[in-house]
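# A closer look at the structure
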Amino acid sequence: MEQNILETRCISKSFRNQPAVRNISMAVPKRCVYGLLGPNGAGKSTLLKMLTGILRPTGGEIYFDGHPWSRKDLADIGALVETPPVYENLTAWENLKVRALMLGIPDERIREVLELVDLTGTGKKRAGAFSLGMKQRLGIGIALLSNPRLLILDEPVNGLDPIGIQELRQMIRRFPEEGITVMVSSHILSEIAQTADYIGIIVNGALGYQGGMPKAGRLEELFMKVAEKESASGNPERLANRRGEAR
């Protein structure tokens, strides 16, 4: 277990007796990009919210760096789940400074983070005038301020144009070199194929596959096999929609 930064054991979550995540046991190796794949509504966001303390699991256990997860571990976990928490009337520096003051973080770390997320040249430009890709990078910068060992990103490329996607992809790929493990969720197979070292595939709230990235061109085939298997015991009427999402 010491080789994994994060593990779950039979973790589950239900809302009013409706299961959203079903007995997921997964392992995220240190210093890698772990891609969490699944169609919309598969349970990816619910799982990530449990890992970041936003939701409490209905059952199961979470381990961080070999010990049972506690809220103290959030100091080592950065996250961007849903909308970036950006003050649009402030500059990139000022947005980071607000959080830095709350956490007692020196200005030197702000400069380091601005370099990590490629926002050093924004100067006095307010975040409200940023492109969506720049706002995403600023949101990631906020998550990186405390120098986390694990960075969790939920669908970070949603809504970005091709240039924004490429910039974000390149940035994510650099993080393991800085000692940061990245867990990134997506329903876009081609994006995960170009970004991740390891993958987990979730369908109907269950983990249908976990392991290394398959050979080039084989990810969609693997994804559809998992989707078909889970649909046979879950919601077969959604399979046609999943075929479209896979592309």
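Small disclaimer: the values here were computed from a predicted structure and weren't measured.

## Brief notes about the packing of aromatic side chains
- This structure, assessed with the given rule, holds zero aromatic pairs.
- One cation-aromatic arrangement involves R9 over Y63; the distance from NZ or CZ to the ring centre is 4.3 Å.

## Some thoughts on the sheet that holds strand β2 (residues 18-29)
- Taken together, four strands build an open sheet; the order of strands is β2-β1-β4-β5 and the sheet is antiparallel. Single-partner strands in this sheet number two, and they are β2 and β5 (67-68).
- Bridge analysis of strand β4 (residues 59-64) against β5 gives two bridges, and the strand direction is antiparallel. Its bridge partner being in β5, F64 is matched across the sheet by H67.
- Contacting β1 (4-15), β2 and β4, helix α1 (residues 44-51) runs over the sheet at an angle of about 120° to β1.

## A few points about the confidence of the model for the chain
- Looking at the chain, pLDDT values average 90 and 92% of them are 70 or higher.
- Taken element by element, the predicted model of the chain shows its lowest mean pLDDT in helix α8 (residues 239-246) (45) and its highest in β4 (97).
- Predicted confidence for residues 236-247 stays below pLDDT 50, and this span has 24 contacts to residues more than four positions away or in other chains.

Here is what the cut-offs are and how they apply
- Residues numbered from 1 in each chain as written.
- Predicted model: local features only at pLDDT ≥ 70, side-chain atom pairs only at ≥ 80, totals over all residues.
- Heavy atoms only, no water.
- Phe/Tyr/Trp six-rings, centres within 6.5 Å; stacked < 30°, edge-to-face > 60°.
- Lys NZ or Arg CZ within 6 Å of the ring centre and 35° of its normal.
- Pairing = 2+ DSSP bridges.
- Helix = DSSP H or I, 4+ residues; strand = E, 2+ residues; numbered from the N terminus.
- Contact = heavy atoms within 4.5 Å.
- Axes fitted to C-alpha atoms, helices over the stretch in contact; angles between N-to-C directions.
- pLDDT = per-residue confidence, 0-100.

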